[in-house]
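# A structural walkthrough
Each chain is listed here by its residues.
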Amino acid sequence: MDLDFSEDEIARYSRHILLDEVGGTGQAKLRAARVLIVGAGGLGSPVLLYLAASGVGTIGLIDDDRVDLSNLQRQIAHTTERVGAPKVESAAAAARAINPAVRIEAHATRLDPGNALDLVSRYDLVCDGSDNFPTRFLVADACALARRTLVSAAVLRFDGQLSVFKPHAGGPCYRCLHPAPPPPGLVPSCSEAGILGAVTGVMGTLQATETLKEILGIGESLSGRLLIWDALAARMRTIKLPRDPSCPLCGEHPTIHDLSAHG
Ligand SMILES: [Zn+2]
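The rules we used
- Residues numbered from 1 in each chain as written.
- Predicted model: local features only at pLDDT ≥ 70, side-chain atom pairs only at ≥ 80, totals over all residues.
- Heavy atoms only, no water.
- Helix = DSSP H or I, 4+ residues; strand = E, 2+ residues; numbered from the N terminus.
- Rg over C-alpha atoms; globule rule 2.2 N^0.38 Å.
- Contact = heavy atoms within 4.5 Å.
- Areas by Shrake-Rupley, 256 points an atom, 1.4 Å probe, with all protein chains shown as cover.
- Lys, Arg positive; Asp, Glu negative; His and termini not counted.
- Charge placed at Lys NZ, Arg CZ, Asp CG, Glu CD.
- Salt bridge = Lys/Arg side-chain N within 4 Å of Asp/Glu carboxyl O.
- Buried < 20%, exposed > 50% of the residue type's maximum accessible area, 1.4 Å probe, protein only.
- Pairing = 2+ DSSP bridges.
- Axes fitted to C-alpha atoms, helices over the stretch in contact; angles between N-to-C directions.
- Donors = N, O, S within 2.8 Å, 3.2 Å for Na, K, Ca; no water.
- Tetrahedral: all angles 85-135°; square planar, octahedral: opposite > 155°, others 65-115°.
- Core = buried A, V, L, I, M, F, W, Y, C linked by side-chain atoms within 4.5 Å.

On a plain count of helices and strands, the chain comes out with 10 helices and 8 strands. Over its C-alpha atoms the chain spans a radius of gyration of 18 Å, differing by no more than 12% from the 18 Å that the globule rule assigns to 263 residues. Seen through its C-alpha atoms, the chain measures out along the principal axes to roughly 55 × 40 × 40 Å. For the chain, the share of sequence-separated contacts (at least 6 apart) that also reach a separation of at least 24 residues comes to 66%. Counting every atom, the chain has about 12,500 Å² of accessible surface; 54% of that belongs to carbon and sulfur. Placing the 25 positive and 29 negative side-chain charges of the chain at their respective mean positions leaves the two points 3 Å apart.

This is how it looks when you write it as structure tokens:
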């Protein structure tokens, strides 16, 4: 690994390099890392900004939406000036303003069964900050099939959840937790039920933290555990998330071998 740093890099990352758990070697790992963020919204914004600030070398960003005024209450990578702009371009501008050295690969398209495996395979790790179940399951299946670690966060109203899925390393997958998508309309979305803006900031920042831990290989992975935060009660807890032997994706007799079920 390339351990040469410019004077600017040493100054920029000095608070990381001071940490025994990171140091120059860890900072070089971050610079060499390639992370894909699905969704440039409430979760994707803080994930992107912190990964860019941290010096993650290459960040892919996929979103086919444009910035809407109703996004700005929580999607902090966007600005009032950029309402109407493609979200990936708006978010990339915010990330570049923080750290011009980071390479942002903007994919202004929708993740679909035709491009998901190829896109996911181009990165080391995927952060899911999408806002709908079809995309969540598509991301989760593509990551499991491509053997990529998935850091997945979700928010609604005053609540957040976070976990790391790496069935290729023996942990559970997303379908061990949710075997199949809920029927359409059963679970409300943020646009239907609302979301306290700062809740997405906390969960996205936790997601960025777990992503940095996975890249650096430090601390206790959240794989096999589910973090649940109730903002109104100001209570955070972590429950065990075991692998399900009957999981349709990573179980003993899997029924999902490709993305064909996603139509
Ligand atoms: Zn599974």
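This part covers the pattern of salt bridges. Summed over the entire model, instances satisfying the criterion amount to 10 salt bridges. For Lys 166, the salt bridge is made with Glu 214, and the minimal N-O distance between the two is 2.7 Å. With a gap of 48 residues between them, Lys 166 in the loop between strand 6 (159-165) and helix 8 (174-177) and Glu 214 in helix 10 (residues 197-216) connect regions that are remote in the sequence. The two residues Lys 166 and Glu 214 agree in class, both being buried. Two residues, Glu 210 and Lys 213, come together in a salt bridge whose shortest N-O distance is 3.0 Å. Pair noted here: Glu 210 and Lys 213 are both in helix 10, with a separation of 3 residues, about one helical turn. Residue classification places Glu 210 among the buried positions, given a relative accessible area of 10%.

In spatial order, the strands read 3-2-1-4-5-6-7-8; together these 8 strands make up an open sheet with mixed pairing. Sheet topology places strand 3 (103-107) and strand 8 (235-240) at the edges, where each strand pairs with a single neighbour. Strand-to-strand twist of the sheet, defined as the mean angle between neighbouring strand axes without regard to direction, takes the value 15°. Lying over the sheet, helix 5 (residues 87-98) contacts strand 2 (58-62) and strand 3, oriented at roughly 170° with respect to strand 3. Most of the contacts of helix 10 go to strand 5 (residues 149-156), to which it runs at about 170°, and overall it touches strand 1 (34-38), strand 4 (125-128), strand 5, strand 6, strand 7 (225-230) and strand 8.

With that settled, the discussion passes to the coordination of the zinc ion. At the metal site, the zinc ion is ligated by Cys 173 (SG), Cys 176 (SG), Cys 247 (SG) and Cys 250 (SG), and these contacts range over 2.3 Å. Considering all 4 donor atoms around the zinc ion, the spread of angles at the metal, 94 to 122°, places the coordination shape in the tetrahedral class. Coordination of the zinc ion draws on donor residues from a single chain, spaced C-x2-C-x70-C-x2-C in sequence. Placement of Cys 173 in the loop between strand 6 and helix 8 and of Cys 250 in the segment after strand 8 is noted, with a sequence separation of 77 residues between them. Classification of Cys 173 as buried rests on a relative accessible area of 2%. By relative accessible area, which is 13% here, Cys 250 ends up buried.

Moving on to the nonpolar core. Within soluble globular proteins, side chains that are nonpolar tend to cluster in buried spots. Val 35, Ile 37, Leu 48, Leu 51, Val 56, Ile 59 and Met 203 are the most contacted members of the largest nonpolar core, which totals 40 residues. Beyond its immediate chain neighbours, meaning those up to four positions away, Leu 48 contacts Ile 37, Ile 59, Leu 61, Ala 91, Ala 92, Ala 95 and Ile 104. Formed by 23 residues, the second largest nonpolar core is a distinct cluster that contains Ile 62, Ala 116, Leu 150 and Phe 165.

Going residue by residue along strand 4, you find Leu 125 and Cys 127 tucked away on one face and Val 126 and Asp 128 tucked away on the opposite face as well. With 4 bridges connecting them, strand 1 and strand 4 associate as parallel partners. Following the sheet pairing, Leu 36 is matched in strand 4 by Val 126. Inspection of the sheet shows strand 4 paired to strand 5 by 4 bridges, in the parallel sense. Each bridged residue has a counterpart across the sheet, and for Cys 127 the counterpart in strand 5 is Val 151.

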